[in-house]
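Spelled out, the chains give:
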Amino acid sequence: MSLLEVRDLRLVYPNGHEALKRVSFSAEEGEIVAIIGRSGAGKSTLLRCINGLEKVTEGSIILDGKDITKMSQRELAAERRRIGFVWQEYNLVDRLPALTNVLTGRLGYKSTLAGALGIFDRRERELAVHNLERLNLLHRATQRADKLSGGEKQRVSIARAMTQQPKILLADEPVASLDPELSVQVLSDLARVAREDGVLTLINIHQVELARQFADRIIGLAQGVIVFDGKPEQMTEAVMDRVYRFDKVQA
Ligand code: ADP
């Protein structure tokens, strides 16, 4: 069985909009998968389903042998420790130093009290320092998050996600707020640390060129349907048409 198996996933929002229509794919440990598609294609919805943030309408999401869609809130909270998430807008705690932000990646493993008191053991601190270091940010460890640049903030958020020691890393448009040059650097850092740790990584991204550059595999979504699933070198013009001009093709 694959590390992640998404089967016949369907999600209808309460307003009746069907954002995902029978989406199925599986992915293995260590794979870096880019999910591309137009705005509104369902990319973000898909990641939120895998993270257990959306209640799916039909289908299953089996991560490491366990079905996310069947879990109680409590089971889900425990499972989310092992699901790293990187958002477009970083979601750091502004007034805390970079290193403390990275350590919050361990909070899911602690009692509320230990977490509130900021009690982290030596191994956890070493892990956080190690992750800041491999994202070339050790020199910023004591800097408040709100004093960091956009690229630095996103690297702190990647370090935080890796400090969770996740089974899977989900990144939703991680470089959409960064300029093109920084986008390349940050995605390259993200892909490098994910590869070093062999973590399955799904990255929603709208820049196809970046997807080609950093992913092992590309999944193209259009109107809630997978219209391409293959290697970057298999992304032909015809495939791009299918992914980005779905409406016209259908018409
Ligand atoms: P993407 O990430 O590819 O831009 P999304 O997953 O955000 O796409 O959205 C997919 C579709 O679902 C869009 O048409 C969007 O407007 C719709 N949608 C997203 N969230 C909601 C919601 N909470 N309620 C209703 N429709 C939603």
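Before reading on, note that the structure itself is shown above.
About the cut-offs
Residues numbered from 1 in each chain as written. Predicted model: local features only at pLDDT ≥ 70, side-chain atom pairs only at ≥ 80, totals over all residues. Heavy atoms only, no water. Pairing = 2+ DSSP bridges. Helix = DSSP H or I, 4+ residues; strand = E, 2+ residues; numbered from the N terminus. Axes fitted to C-alpha atoms, helices over the stretch in contact; angles between N-to-C directions. Contact = heavy atoms within 4.5 Å. Buried < 20%, exposed > 50% of the residue type's maximum accessible area, 1.4 Å probe, protein only. Right-handed = clockwise from strand over helix to strand, strands pointing away. Near = heavy atom within 4 Å. Polar contact = N/O pair within 3.5 Å; in protein donor to acceptor, adjacent residues only side chain to side chain. Nonpolar A, V, L, I, M, F, W, Y, C, P; charged D, E, K, R; others polar.

A separate point is the sheet that holds strand S7 (residues 168-172). Strand order in this open sheet of six strands is S6-S7-S8-S3-S9-S10, and the pairing throughout is mixed. If you trace the sheet from one side to the other, it starts and ends with strand S6 (83-86) and strand S10 (225-230), each paired once. Each adjacent strand pair in this sheet contributes to an overall mean axis angle of 20 degrees, direction not counted. Together, S6 and S7 form the strand contacts of helix H6 (residues 150-163), whose direction differs from that of S6 by roughly 175 degrees.

With that settled, the discussion passes to the pairing of strand S8 (residues 200-204). Burial runs high along S8: five of the five residues are buried. Where burial is concerned, the two faces of S8 agree: the one with Leu200, Leu202 and Asn204 and the one with Thr201 and Ile203 are both buried. Bridge analysis of S7 against S8 gives five bridges, and the strand direction is parallel. Looking across to S8, one finds that Asp172 is bridged to Asn204. Note that the unit made of S7, helix H7 (residues 180-197) and S8 has a crossover that is right-handed.

The next thing to look at is the site of the ligand. Taken together, 13 residues form the shell around the ligand, and within it Gly40, Gly42, Lys43, Ser44 and Thr45 come nearest. A distance of 3.1 Å separates an oxygen atom of the ligand from a polar backbone atom of Ala41. The separation between an oxygen atom of the ligand and a polar main-chain atom of Ser44 is 2.8 Å. Broken down by element, the residue count for the shell around the ligand peaks at four residues, all from helix H1 (residues 43-50). When its residues are assigned to classes, the shell around the ligand shows three nonpolar, seven polar and three charged.

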